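The lines below spell out each chain.
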Amino acid sequence: MLIGDNGILAKVSEAKKEQIIAEMQEQLALKIQELQIEKEGKATLEDVQNSWIEDELKNYGALVIDIENEKIVKMNKEGVVGRFKIELNLNIIEIGYNGDTEFYYKKGNESEGKVNVTIYIQDEANGINQIEIDNNIVKSGNGTKELITISDYEVQIGTESIIKITLANGEMIEKKILIEHTYKIEIQLGEGLDIDNKIQEISHNKLYKATIIEDDTHIIDGITVTMGGEEISKGIDSFSGNIEIDQVIGDIKIVATSKEFIELITFDRAETIDIENTGFADDPNLIKQVLFDKNISNGIYGVLINRFGAGKIDLTVYKEVTIYAYGDGYGDVGGNAGNNAVFQKWNGTDYEPYASVPTYFNLNRYKLIELPKGKYRILNPENWGYVRFDEWELERIK
């Protein structure tokens with residue numbers, strides 16, 4: 001009776017299919033997890049090598065196809081085909097089959113303006129009769145619904161190839177292959193530095209973005225980027241570590257140097273913060289001395305920021321820090337101490353609003369502000385009154 005009940009058989013068959021697909025996704029996820037452990041949680045999509053997946057999951061006939069910012073993985077077991085997408089953040093999504101003709105290609109070796117590609121075509125719903133590339137018949141499918149692989153087909157770089165797929169139902173589908181020239185990316189990093197984009201080649205006119213990352217004991221000392229042998233400066237920020245090239249038109253070489261981070265309040269080496277400019281007549285070094293002399297009452301003024309803007313402080317924060325402050329009282333016809341201090345942050349072009357924080361003048365220690373790495377300016381925004389600092393203490397956040 002069970003054999004004759006097609007509805008029950010279909011349900012059993014569908015349940016088995018779902019079980020196999022879940023098994024495939026679990027095995028793929030386990031391999032990505034192993035990679036994350038190996039890379040100490042810092043694995044990227046570029047670390048997911050196609051040959052590695054295909055070898056590790058060969059029992060499932062794994063096939064990996066690169067698509068921009070993701071990878072498609074096809075797996076097969078007992079006639080069940082699983083399709084999965086590995087996203088840029090290494091999330092794995094089961095994408096299923098939508099009934100369309102599937103078309104992928106993988107780029108191979110490049111030589112003398114030409115490149116070998118491997119083409120994968122499949123239509124499980126309709127089957128494939130014939131495949132033409134640039135008006136040449138390269139494959140007769142005879143209505144097959146199985147995956148068709150065309151290996152080592154040579155295409156001209158920068159020239160579009162037209163693929164015409166004739167389905168078993170007579171419908172013709174047209175696909176295109178256009179491979180642009182690619183450029184190499186060479187990266188040299190100083191001690192304690194890493195980079196979040198480890199791709200080794202990039203296509204012509206593509207956008208390239210990366211950020212140099214510091215460890216806890218080093219800071220970036222400088223970044224030099226050349227493209228096609230010429231040094232470029234636009235989009236390169238040695239302070240933040242950000243690199244952005246709008247259109248790649250040559251081989252790229254990135255050299256980032258580092259220096260050891262030494263935390264000294266004396267400001268004579270790679271400091272937690274540095275005061276570079278002030279609106280005072282005093283030298284910035286004198287302001288540093290007042291703020292870090294371990295004297296919480298510096299005479300009548302301390303470091304006084306007044307309402308006329310003559311008391312701005314420009315500072316650079318090299319490592320994320322909390323600033324604690326002490327302030328004494330002060331008052332005259334211009335007002336009293338205790339106004340809010342306005343912090344502005346440099347955006348690469350100008351200072352923009354960041355935070356407005358209260359200040360106090362009772363000589364008690366208080367938390368002024370937490371500042372991430374960056375360049376800042378401190379102002380007194382009020383129309384009347386002052387901001388006064390007699391002492392600062394710094395506490396590294398990380």
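Asks: Whenever I open this one, the overall build of the protein chain confuses me. Can you help?
Replies: For the protein chain, the count of helices and strands is three helices and 32 strands. Evaluated residue by residue, the protein chain yields a buried proportion of 40% over its 398 residues. Of the contacts formed within the protein chain by residues at least 6 apart in sequence, a portion of 61% connects residues at least 24 apart. For the protein chain, the accessible surface area stands at approximately 21,400 Å², while carbon and sulfur atoms represent 45% of it.

Asks: How should the sheet that holds strand β11 (residues 172-177) be read in this particular structure?
Replies: The strands making up a sheet associate through backbone hydrogen bonding, with each pair oriented either parallel or antiparallel. Pairing is antiparallel across the open sheet formed by four strands, whose spatial order is β8-β7-β10-β11. Both edges of this open sheet fall to β8 (136-144) and β11, since each of them pairs with a single strand only. Between one strand axis and the next, the sheet turns by 15° as a mean value, whatever way the strands run. With five bridges connecting them, strand β7 (residues 128-133) and β8 associate as antiparallel partners. By the bridge assignment, I128 is partnered in β8 with T144.

Asks: Hey, could you run me through the nonpolar core in this one?
Replies: Soluble globular proteins tend to bury their nonpolar side chains together. Ranked by internal contacts, the top residues of the largest apolar core, which has 25 residues, are L315, L368, L371, F389 and W392. Broken down by secondary-structure element, the contributors of at least two residues to this core are α3 (284-291), β22 (303-305), β23 (313-317), β24 (321-326), β27 (341-346), β29 (366-371), β30 (374-379) and β31 (387-389). The element contributing the most residues to this core is β29, with four residues. Counting 21 residues, the second-largest nonpolar core is a separate cluster that includes L35, I53, V64 and L90.

Asks: What exactly am I supposed to notice about the sheet that holds strand β18 (residues 236-237) here?
Replies: The strand order across the open sheet formed by four strands is β13-β15-β19-β18, and the pairing between neighbours is antiparallel. The strands lining the two open edges of the sheet, one partner per strand, are β13 (193-195) and β18. Bridge count between β13 and strand β15 (residues 208-214): three bridges; the pairing is antiparallel. The residue bridging I195 from the neighbouring strand is I212, located in β15.

Asks: Which parts of the structure should I look at to understand the pattern of salt bridges?
Replies: As a working rule, side chains carrying opposite charge can pair if their charged atoms are close by. The full count for this structure, using the stated rule, is 20 salt bridges. Measuring nitrogen to oxygen at the nearest pair gives 2.6 Å for the salt bridge that ties E102 to R83. Pair noted here: E102 is in strand β5 (residues 102-111) and R83 is in strand β3 (residues 80-87), with a separation of 19 residues, a long-range link. Exposure class is identical for E102 and R83. Each is buried. With its nearest N and O atoms 2.7 Å apart, the salt bridge here joins R388 to D390. Classification of D390 by relative accessible area gives buried; the value is 0%.

Asks: Before we go on, may I ask you to explain the side chain of D47 in this structure?
Replies: Inspection of the secondary structure assignment puts D47 in the loop between α1 (6-38) and α2 (50-56). Buried and without a salt bridge, D47 has K39 as its closest oppositely charged side chain, separated by 4.1 Å. One polar contact links the side chain of D47 to the main-chain amide nitrogen of T44, over a distance of 2.8 Å.

Asks: What exactly am I supposed to notice about the side chain of R388 here?
Replies: Tracing the sequence through the fold places R388 in strand β31. For R388, a relative accessible area of 2% gives the class buried. Of the polar contacts made by the side chain of R388, one reaches the backbone oxygen of G329; its length is 2.8 Å. Here the side chain of R388 touches D390 through a polar contact of 2.7 Å, side chain to side chain.

Asks: Help me understand unusual backbone geometry in this model?
Replies: The bulk of non-glycine residues show a negative phi, and the bulk of peptide bonds are trans. Phi at E112 is positive, roughly 50°, even though this residue is not glycine. Exposure remark for E112: the relative accessible area of 78% places this residue in the exposed category. For N205, which is not a glycine, the phi torsion comes out positive at approximately 70°. Relative accessible area serves as the criterion here: at 37%, N205 is assigned to the partly exposed category.

Asks: Is there a simple way to think about the packing of aromatic side chains in this case?
Replies: Centre distance and the angle of the planes are the two values used to describe a pair of aromatic rings. Counted by the stated rule, this structure contains seven aromatic pairs. The interplanar angle of 85° and the centroid separation of 6.4 Å between the aromatic rings of F292 and W392 together place this pair among those described as edge-to-face. Highlighted residues: F292 in the loop between α3 and β22 and W392 in strand β32 (residues 391-396), separated in sequence by 100 residues. Judged by its relative accessible area of 14%, F292 falls in the buried class. By relative accessible area, which is 1% here, W392 ends up buried.

Each value, and the rule that gives it
- Residues numbered from 1 in each chain as written.
- Predicted model: local features only at pLDDT ≥ 70, side-chain atom pairs only at ≥ 80, totals over all residues.
- Heavy atoms only, no water.
- Helix = DSSP H or I, 4+ residues; strand = E, 2+ residues; numbered from the N terminus.
- Buried < 20%, exposed > 50% of the residue type's maximum accessible area, 1.4 Å probe, protein only.
- Contact = heavy atoms within 4.5 Å.
- Areas by Shrake-Rupley, 256 points an atom, 1.4 Å probe, with all protein chains shown as cover.
- Pairing = 2+ DSSP bridges.
- Axes fitted to C-alpha atoms, helices over the stretch in contact; angles between N-to-C directions.
- Core = buried A, V, L, I, M, F, W, Y, C linked by side-chain atoms within 4.5 Å.
- Salt bridge = Lys/Arg side-chain N within 4 Å of Asp/Glu carboxyl O.
- Lys, Arg positive; Asp, Glu negative; His and termini not counted.
- Polar contact = N/O pair within 3.5 Å; in protein donor to acceptor, adjacent residues only side chain to side chain.
- Phe/Tyr/Trp six-rings, centres within 6.5 Å; stacked < 30°, edge-to-face > 60°.

Remember that the coordinates give geometry; whether it matters functionally is a separate question.
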